[in-house]
Amino acid sequence: MTTNKCDLLAKVEQIVLELISSMINHKNLTLKIPRNCRRTFKYRKVVYNRRYSRHRFCLIVYLLTEIHRLQVFGGSCTVRGLYYQDPQTIRSQSYIVAAKLDVCRMLNTSPVYLGIRSAAKGLISGDIKLIMSNGDVMDGNVYCGSIMLPTDYENVERIETNAEMVLIVEKESVFESLLSCNAFSTFGLRFILVTGKGYPDCTTRRIVYRLSVECNLPAYILVDADPFGIEIMLVYQYGSQAMSLFSSGLATPMLRWIGLHPTEIDSISKRAVPLSNYDNKKLIDMLSRSNISVGVRQELCRLQQTQLKAEIESVIDFLSPYYIPTKINRNLYL
């Protein structure tokens, strides 16, 4: 993986020089995007002269110029900031995010080294201090509520904690519910509470990884008993499908899934609802993956059989005093 600034600059410049050469020789302007595969050299072509791929081509070139500028002059920018430079041409921030992944594959580097940041998203609370490279300290013991994690996780120089575990919850609403019911005093353990507000950003995943590996803390996760909740758990555990090439230091394979398990729906949830067509498509996709454990596969099959799903909110009243402590103390996790 490319992490050196000079190497990144050289790769960007080589791509641009190849495009200039194609223009001089009246060839099609083509960008070759490596496919998400470690052992084969397969590419997807993005061609300027093809109407359906012209917009993506222009966005990739636009990002390459911004990355080159940031590498030369320093600093960083956000996806949102890039979008608002020319929203009519760019059309949507989601197009920038997709193009950024293409650029990562072309340069064989992680998004963090590009200098293009996503907006801050993750929240953290509890017994934790994040010591930043500029000397700032984000101290969870000082704040009564939550702390927003920094945009650039590379600026977190050191983590200090006396906690005994990490608990990740899928949703901000559950995160806030646990804070409001003073879960820190009911578990019997000192812990750190984290949420990525749904699909987690790189910073949230990196902090979870560091807490697990550097601080040697057991990490547990609580998600909805549905295909998308389980996929979020797998993103923390193994990395996202789209960024699987760059998951080193972002994935936490030792993460423990304490619930909500589909096999529990009948016994503990009174608010189960049917799976949608979209849920079933996601289920089929997940069951085709080779990296999921036997236990997770069994839970997915259970969803497929019952065609019922449930949200964490359906058991919110006894999460803190009973459900979570029991799962942890009795090792009832996958």
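Residues numbered from 1 in each chain as written. Predicted model: local features only at pLDDT ≥ 70, side-chain atom pairs only at ≥ 80, totals over all residues. Heavy atoms only, no water.

K.L.:
Can you explain the domain arrangement of the protein chain? Please cite residues and give values.
P.N.:
Each assigned domain of the protein chain is listed here: domain 1 (1-117) and domain 2 (123-330). Inter-centroid distance (C-alpha atoms) of domain 1 to domain 2 is 32 Å. (Domains from an automatic or database assignment.)

K.L.:
Give a detailed account of unusual backbone geometry, specifying residues and quantitative values.
P.N.:
Cis geometry is adopted by the peptide bond preceding Leu260, which originates at Gly259 and carries an omega value of -5°. Assignment of secondary structure puts Leu260 in the loop between β13 (256-259) and α9 (265-268). Even without being a glycine, Gln307 presents a positive backbone phi close to 60°. Mapping Gln307 onto the fold places it in the loop between α11 (294-306) and β15 (308-309). (Helix = DSSP H or I, 4+ residues; strand = E, 2+ residues; numbered from the N terminus.)

K.L.:
Talk me through helix α7 (residues 202-213); I want residue IDs and the actual numbers.
P.N.:
For α7, spanning twelve residues, the distance from its first C-alpha to its last is 16 Å, which sits close to the expected 16 Å at 1.5 Å a residue. Among the twelve residues that make up α7, ten are buried, leaving the element largely enclosed by the rest of the structure. Along α7, the residues classified as buried are Cys202, Thr203, Thr204, Arg205, Arg206, Ile207, Val208, Arg210, Leu211 and Ser212. Where α7 is buried, its residues touch β5 (123-126), β6 (129-132), β9 (156-160), β10 (165-169), β11 (191-195) and α8 (227-238). (Expected span 1.5 Å × (residues − 1). Buried < 20%, exposed > 50% of the residue type's maximum accessible area, 1.4 Å probe, protein only. Contact = heavy atoms within 4.5 Å.)

K.L.:
I'd like a rundown of the nonpolar core, residues and numbers included.
P.N.:
Counting residues in each nonpolar core, the largest one holds 36 residues, and the members touching the most others are Ile124, Leu130, Leu211 and Ile230. Residues contacting Ile230, with those up to four places away along its chain left out, are Val223, Asp224, Trp257, Pro262, Met286, Val296, Leu300 and Leu303. Judged by nonpolar contacts, the second largest core, of 29 residues, contains Val46, Ile60, Leu70 and Tyr83. (Core = buried A, V, L, I, M, F, W, Y, C linked by side-chain atoms within 4.5 Å.)

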